[in-house]
Amino acid sequence: MSSVSTSFGDAAIMLRRNFKHTARNPVTVFQAVLFPIVMMLMFVYVFGGAFKVEGKYVDYAVPGLMVMAITYGLGPTAAAVNGDMTKGIINRFKAMDVSHGAVLAGHVVSTTVRSLIADAAIIGVGFAMGFRPHASFLQWLAAIGIMLLLAFATSWLTVAMGLGAKTAESAGLATVPLIMLPFLSSAFVPADTMGTGVRQFAEYQPFTPIIETLRGLLAGNPSSGDAIAALAWCGGLALLGYVWAVSAFRKRA
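Residues numbered from 1 in each chain as written. Predicted model: local features only at pLDDT ≥ 70, side-chain atom pairs only at ≥ 80, totals over all residues. Heavy atoms only, no water.

## Looking at the packing of aromatic side chains
Each aromatic ring pair is described using two quantities: the centre-to-centre distance and the angle formed by the ring planes. Just so we agree on the cut-off: To pair, rings of Phe, Tyr and Trp, with the six-membered ring standing in for Trp, must have centres within 6.5 Å; the planes then decide the type, stacked if under 30 degrees apart, edge-to-face if over 60, and tilted in the middle. Note on conventions: DSSP H or I runs of at least 4 residues are helices, E runs of at least 2 residues are strands, and numbering of each starts at the N terminus. Buried residues are those whose accessible area, probed at 1.4 Å on protein chains only, stays under 20% of the maximum for their type, while exposed residues exceed 50% and partly exposed ones sit between those limits.
Under the defined criterion, the tally for this structure stands at seven aromatic pairs. Plain terms: the ring middles of F43 and F188 are 3.9 Å apart, the flat faces sit at 5° to each other, and that makes the pair stacked. Here F43 is found in helix α2 (residues 26-47), whereas its partner F188 is found in the loop between α9 (176-180) and α10 (198-204), with 145 residues between them in sequence. Looking at F188, the relative accessible area reads 5%, which means it is buried. For the pair Y57 and Y60, a centre-to-centre distance of 6.3 Å together with 25° between the ring planes defines the contact as stacked. Of this pair, Y57 and Y60 are both found in helix α3 (residues 57-72), three residues apart, which corresponds to roughly one turn of the helix.

Have a look at this one:
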């Protein structure tokens, strides 16, 4: 059997293992899927009337909540990766001749899939709340591609944070900046309505062009400038996370 097929087989085993752990931990499911829905209900029904946006507020908020759904599921992944390193699981895998890359890939793929499930839930609830996108089939595919790239990139960053942390608790805390960044973006209000300093930060941080790209695609009016910036940020974050994760894994494994 070739080394490539062996690596894929090992990755599939690690993926199945991570899904089983997720299914047995309802807190992880709540944080990754249900909590963003709670945030959506709160922002649309409680705060939505206070924000001045073009069109219905639910149409404006859904793209930002899709990004938030991705970031809210990152903490458990960082803690799980750190637990694998500190509890001796990796050493057991080494004794079983399991591919080192499969361990990381399993966490990345399971986190990416969980993020896409959370986004599907956000979109479904959004439709029930009156969300009405005007995207064509190709624009929907592009939006799904952006979500996939973002989930993949942040998953690698999260794995790297888990590998770099000393404890599972600190690993979970390390993902807090990724969770908070959507709040300081154009997720809930336009960046140009913010005060000086906050507005500039919101405009130039990674999540704003990603959210604006999703918003434009789902509205049927995408911006090429935002799309280029979103792809650049996703690619850069994925590369940073991958290099950081591989380096940290080699030091600790």
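After that view, the rundown keeps rolling.
## Some words on helix α4 (residues 74-86)
For clarity, the cut-off: The span one expects for a helix is its residue count, reduced by one, times 1.5 Å.
With 13 residues, α4 should cover 18 Å at 1.5 Å per step; its first-to-last C-alpha distance of 19 Å lies within 8% of that length. Counting buried positions along α4 yields 10 of 13 residues, so the element is predominantly enclosed. Listed as buried for α4 are L74, G75, P76, T77, A78, V81, N82, G83, D84 and M85.

## As for the side chain of S115
The condition that has to hold: N or O atoms closer than or at 3.5 Å make up a polar contact, with two conditions inside protein: a donor-capable atom paired with an acceptor-capable one, and, for residues adjacent in sequence, both atoms drawn from side chains. In what follows, residue pairs with any heavy atoms lying within 4.5 Å of each other are defined as contacts.
Within the fold, S115 resides in helix α6 (residues 100-128). Using a relative accessible area of 4% as the deciding quantity, one classes S115 as buried. Looking at S115, its side chain comes within polar contact range of the main-chain oxygen of T111, at 2.9 Å. If near-sequence neighbours (up to four positions away) are discounted, S115 is found in contact with I70 and A151.

## Digging into α3
Under the convention used in this document: What the bend at a residue measures is the angle between two axes, fitted to the seven residues ending there and to the seven starting there.
Along its 16 residues, α3 runs 22 Å from first to last C-alpha, staying within 8% of the 22 Å computed at 1.5 Å per residue. At P63, α3 is deflected by roughly 30°, the largest bend along its length. Among the 16 residues of α3, 15 are classified as buried, and the element is accordingly described as predominantly covered.

## A closer look at the side chain of S155
Along the polypeptide, S155 turns up in helix α7 (residues 137-164). From its side chain, S155 meets the backbone oxygen of A151 in a polar contact 2.6 Å long. Those residues in contact with S155 that sit more than four places away from it in its chain are V108, T111 and T112.

## Section: the nonpolar core
Note on soluble globular proteins: their nonpolar side chains tend to be buried together. Note the following rule: Among buried residues, the Ala, Val, Leu, Ile, Met, Phe, Trp, Tyr and Cys ones that are joined through side-chain atoms within 4.5 Å form a nonpolar core.
Counting 49 residues, the largest nonpolar core has M40, Y57, L65, M66, I122, F207 and I210 as its most contacted members. Counting residues per element, the ones that place at least two in this core are α2, α3, α6, α7, α9, α11 (207-219) and α12 (224-252). No other element matches α3, which puts 12 residues into this core. Those residues in contact with L65 that lie beyond four places of it in its chain are P36, M39, M40, I122 and F188. Counting residues in hydrophobic clusters, the runner-up holds 11 residues, among them V81, V108, V159 and F249.

## Notes on the pattern of salt bridges
To be explicit about the condition: What counts as a salt bridge is simple: a side-chain nitrogen of Lys or Arg found within 4 Å of a carboxyl oxygen of Asp or Glu.
Applying the stated criterion across every chain, the model contains one salt bridge. A salt bridge links E212 to R215, with the shortest nitrogen-to-oxygen separation between them at 2.7 Å. Within this pair, E212 and its partner R215 are both found in helix α11, separated by three residues, close to a single helical turn. By relative accessible area, which is 24% here, E212 ends up partly exposed. Take R215: its relative accessible area is 10%, and that puts it in the buried class.

## Some words on the confidence of the model for the protein chain
Note the following rule: Per-residue confidence from the predictor is reported as pLDDT, a score between 0 and 100.
Of all residues in the protein chain, 82% attain a pLDDT of 70 or more, and the chain-wide mean is 84. The low-confidence segment residues 1-6 (pLDDT under 50) makes one contact with residues lying over four places distant or belonging to another chain.

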